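# Tertiary structure, described
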Amino acid sequence: MPSTADYSEKIPNNVSLHEDRRLQRALESWQPNFLNWWQTMGPTLPTQDVYLRTAVNVGRDGWAQFGHVAMPEYRWGIFLAERDPGRRIGFGEHKGEPVWDKVPGEYRAELQRLIVIQGDTEPASVEQQRNLGATAPSLYDLRNLFQVNVEEGRHLWAMVYLLHAYFGREGREEAEELLHRNSGSLDSPRILGAFNEETPDWLSFFMFTYFTDRDGKYQLGTLKESAFDALSRTCEFMLKEEAHHMMVGTTGVDRVVQRTVEVMRSRDTDDVAGLGAIPLPVIQKYLNFHYSVSLDLFGGETSTNVANYYTAGLKGRWMEDRRKDDHKLTSDAIMVDALSEDADGEQSIGQTEVSALVGLNTDLRREYISDCQGGVKRWNRILEEAGVKQRLKLPHIAFNRKVGAFAGIEATPDGEKIPAGEWERRQGEWLPTEVDKTYVRSLMQPVHQRGKIAAWIAPPRNGINGQPFDYDYVHLA
Ligand SMILES: [Fe+2]
Ligand SMILES: [Fe+2]
C-alpha cells in the first residue's frame, strides 16, 4: 500500500525513497538545479501565494490537497500509481509475460529515449508560458496557469525519477540536459517543434492546453501500456493531473467563444475587433495553428521505430486493452495518409496501405483527431445556442504540416493542394497574421482584482475545488 507522502521529507514520494540512499542523494543533488531552473525559467509574476492542488497520494479516496501555497515552498513529489502485482504485458511479442520491474538491457537505449522525449516536453511548456501571469484575465485563470505549471514541473520530476532510478550515469546526465535545453533556444532548443513555439497570449495558452497538452495525454496513454512497469505507473498518475490541463483548455476556449458571441449578438455585428472581443475568424486561425503543429507531434505516418517499440512492449496503443485484435498486429494492415503520384508525376493527397505495426503513429493521431472533434463540437454548440450561423472546424490533416507525408506540400484548410506561391499569398487567411496577434495581445491587459474578469472572455461556470469565481485564488506580491 502506498502511504500518503511524508511532506517533511525533502522530496515527497510514494516510492520509498528513504530505502535507497544513493538514489535519494542523487535526486537531492538534482533538486537545487531544478529549483534554480524554476526560478530563472519558470513563472515570472511575483506572488505571495497561490491556491494550488498538491499531489499527496495516489489512492482512490483523495490524492490531492488544496491550499494557498507560497511558490518557493511548493513541494514537487514523486508519485507512481499503485502497483498491480498480477499485471502482465498486454501486447507485442512478450504479450502475456509478467511486466518488467527492471529495464531489460536490450531495450535500455530505446526506453531511455522515450522517457527523455516525454520529459523534455514538461519543462518546455512551463518555459513557453512563463510570462502569461502578467496578463491573466482573472485570478481564477492566473491560478490555473500556476497549477498547470507546477504540475508540468512535477511531470519533469516523474521522468527524472525514472532516469535516476533505472538508467544509471547516463540517466543522470540526461536529467541534467532536461534543464539545459530551453524552449526556443537557438543553441539548445527543446526536442520537439511545437515546444519551441511561444505562447505569447492567453488565447494561445487555451489552444495550447486544448491541442498540445492533449497530444501529451495520448503519448502518456501509450506509455501507460508499457511493459516497463515503473514507466506505466508513472504515466498513469500523470494522466490524472493532465485531466485538469485539458479542462483549462476546453473551458478556456468555451469562454472566449461565449464572450465573442455575446458581443456579436448585443452589437449585432460579426466584426467584434475593436469591441474588445476576439473575432471568430481569429479564433479559427489560432485553432488552425495549434491543431496543425500538434498533429506534427505524432511523427510521420509510418515509423519502423514505433513498430519496434510496440513489438518489444515498450509503447502500446491508446486503450490497448479495449482493442479487439490479437495485440501483436503482425498480419494486420492500415490505411495511412500519403501523397500519391499519377503517371505525369502530379502529386495528390490520398492514402496508402501499410502494415499495421508500421502505421501506429497514424493510429494514435487518428484517436487524437477524433478527441479534438469533441472540442469543436462543444464550441459550435455555443455558437448554435447563441443563434450565430458561423461554425469552427478542424483544418484538413494536410494543412500547415511540417512533419510527415504532407510536409513537402501546401494545402488549404479544406484539403486542397495548392502551389507554394499561393500558400505564400494566402496563408494569412488561415493562420494568425501579425495584425491578428497584435490585436489579441492588445486585449491582454491584466485583471488581478478578486471577482473581476477581462472583457474578451466570459467568467467560468465553476470555480476550483468548489470555491466561487470571486475566491482569492492568488495573492500577488
Ligand atoms: Fe505534463
Ligand atoms: Fe499538461
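This text goes with the structure placed above it.
Just so you know, these numbers come straight off a predicted model, no measurement behind them. (Residues numbered from 1 in each chain as written. Chains lettered and ligands numbered in written order. Predicted model: local features only at pLDDT ≥ 70, side-chain atom pairs only at ≥ 80, totals over all residues. Heavy atoms only, no water.)

Time to look at the overall build of the protein chain. Helix and strand counts for the protein chain come out as 11 helices and seven strands. Its C-alpha radius of gyration of 23 Å places the protein chain within 12% of the 23 Å reference for a compact globule of 477 residues. Taking the principal axes of the C-alpha coordinates as reference, the protein chain spans close to 65 × 65 × 40 Å. Scored against the burial criterion, the 477 residues of the protein chain give a buried share of 57%. Taking as baseline every contact in the protein chain between residues at least 6 positions apart, the subset at least 24 positions apart corresponds to 72%. For the protein chain, the accessible area works out to roughly 20,400 Å², and carbon and sulfur atoms hold 46% of it. Computed over 55 positive and 70 negative side-chain charges, the inter-centroid distance for the protein chain is 4 Å. (Helix = DSSP H or I, 4+ residues; strand = E, 2+ residues; numbered from the N terminus. Rg over C-alpha atoms; globule rule 2.2 N^0.38 Å. Buried < 20%, exposed > 50% of the residue type's maximum accessible area, 1.4 Å probe, protein only. Contact = heavy atoms within 4.5 Å. Areas by Shrake-Rupley, 256 points an atom, 1.4 Å probe, with all protein chains shown as cover. Lys, Arg positive; Asp, Glu negative; His and termini not counted. Charge placed at Lys NZ, Arg CZ, Asp CG, Glu CD.)

Turning to the coordination of the iron ion (ligand 2), a few remarks are in order. Around the iron ion (ligand 2), the donor atoms from the protein are Glu152 (OE), Asp213 (OD), Glu242 (OE), Glu242 (OE) and His245 (ND1), and they sit 2.0 to 2.6 Å away. Between the iron ion (ligand 2) and the iron ion (ligand 1), a spacing of 3.5 Å is present, and a bridge between the two is formed by glutamate 152. Residue glutamate 152 is found in helix H3 (residues 139-166), and its partner histidine 245 is found in helix H6 (residues 229-267); the two are separated by 93 residues along the sequence. Across this residue pair, the class does not change: glutamate 152 and histidine 245 are buried. (Donors = N, O, S within 2.8 Å, 3.2 Å for Na, K, Ca; no water.)

What follows covers the nonpolar core. Nonpolar side chains tend toward joint burial in soluble globular proteins. Counting 127 residues, the largest nonpolar core has Phe211 and Trp456 as its most contacted members. The element that contributes the greatest number of residues to this core is H3, accounting for 15 residues. Ignoring anything within four residues of it in the chain, the contact list for tryptophan 456 reads Pro137, Trp202, Phe206, Val256, Arg259, Gly276, Ala277, Ile278, Leu443 and Met444. Ranked by size, the runner-up nonpolar core spans six residues in total, among them Ala124, Phe195, Phe208 and Leu297. (Core = buried A, V, L, I, M, F, W, Y, C linked by side-chain atoms within 4.5 Å.)

The next subject is a positive patch on the surface. Taken together, the side chains of Arg21, Arg22, Arg25 and Arg172 present a region of like positive charge at the surface. A total of three residues in the positive patch trace back to one element, the largest contributor, which is helix H1 (residues 21-41). By secondary structure assignment, the location of arginine 21 is in helix H1. For arginine 21, a relative accessible area of 53% gives the class exposed. (Patch = residues over 30% accessible without salt bridge, like charges linked within 9 Å, V, L, I, M, F, W, Y side chains within 5 Å. Salt bridge = Lys/Arg side-chain N within 4 Å of Asp/Glu carboxyl O.)

Time to look at the side chain of serine 138. Structurally, the position occupied by serine 138 is in the loop between helix H2 (108-128) and H3. In this structure, serine 138 is in contact with Val447, Lys452, Ile453 and Phe469, ignoring residues within four places of it in sequence.

A few words on the coordination of the iron ion (ligand 1). Within the protein, the iron ion (ligand 1) binds to Glu122 (OE), Glu152 (OE), His155 (ND1) and Glu242 (OE); these donor distances fall in the range 2.0 to 2.4 Å. Coordination at the iron ion (ligand 1) comes from four donor atoms whose angles at the metal span 81 to 162°, giving a geometry best classed as irregular. Mapped onto the sequence, the residues coordinating the iron ion (ligand 1) show the spacing E-x29-E-x2-H-x86-E. Take histidine 155: its relative accessible area is 0%, and that puts it in the buried class. (Tetrahedral: all angles 85-135°; square planar, octahedral: opposite > 155°, others 65-115°.)

In this section: a negative patch on the surface. Taken together, the side chains of Glu341, Asp342, Asp344 and Glu346 define an acidic patch exposed on the protein surface. Within the element layout of this structure, glutamate 346 appears in the loop between strand S3 (333-341) and strand S4 (347-355). With relative accessibility at 49%, the residue glutamate 346 sits in the partly exposed group.

Let's shift gears to the sheet that holds strand S2 (residues 64-69). The strand order across the open sheet built from three strands is S2-S1-S7, with neighbouring strands paired in antiparallel fashion. Looking along the sheet, the strands with just one partner apiece sit at the ends: S2 and strand S7 (474-476). Between one strand axis and the next, the sheet turns by 15° as a mean value, whatever way the strands run. For strand S1 (residues 47-55) and S7, the ladder comprises three bridges, and the chain directions are antiparallel. Across the sheet, aspartate 49 pairs through a bridge with histidine 475, a residue of S7. Packing of H3 onto the sheet brings it into contact with S1, S2 and S7, and relative to S1 it is tilted by some 55°. (Pairing = 2+ DSSP bridges. Axes fitted to C-alpha atoms, helices over the stretch in contact; angles between N-to-C directions.)

A few words on the pattern of salt bridges. For the structure shown, the criterion picks out 26 salt bridges. Two residues, lysine 217 and aspartate 371, come together in a salt bridge whose shortest N-O distance is 3.1 Å. One end of the pair, lysine 217, is in helix H5 (residues 202-223); the other, aspartate 371, is in helix H9 (residues 360-385), with 154 residues separating them in the sequence. With relative accessibility at 19%, the residue lysine 217 sits in the buried group.

Bringing the packing of H2 against H5 into the picture now. For the pair H2 and H5, interaxial distance at closest approach is 12 Å and the crossing angle is 160°. What the angle tells us is that H2 and H5 run roughly antiparallel. For the pair H2 and H5, the sense of crossing is left-handed. On the side of H2, the interface is formed by Leu114, Gln118, Ser125 and Gln128, while H5 contributes Phe208, Gln219, Leu220 and Leu223. Taken together, the residues of the contact of H2 with H5 break down into four nonpolar, four polar and no charged. (Parallel < 35°, antiparallel > 145°, perpendicular 65-115°, else oblique. Left-handed = near helix turned anticlockwise from the far one by under 90°. Nonpolar A, V, L, I, M, F, W, Y, C, P; charged D, E, K, R; others polar.)

Now for helix H11 (residues 434-443). All of the buried residues in H11 are Asp436, Tyr439, Val440 and Leu443. What you see down the axis of H11 is that its buried residues fit within an arc of 95°, all on one side. Those residues of H11 that are buried are in contact with H5 and helix H7 (280-296). (Arc of directions from axis to C-beta.)

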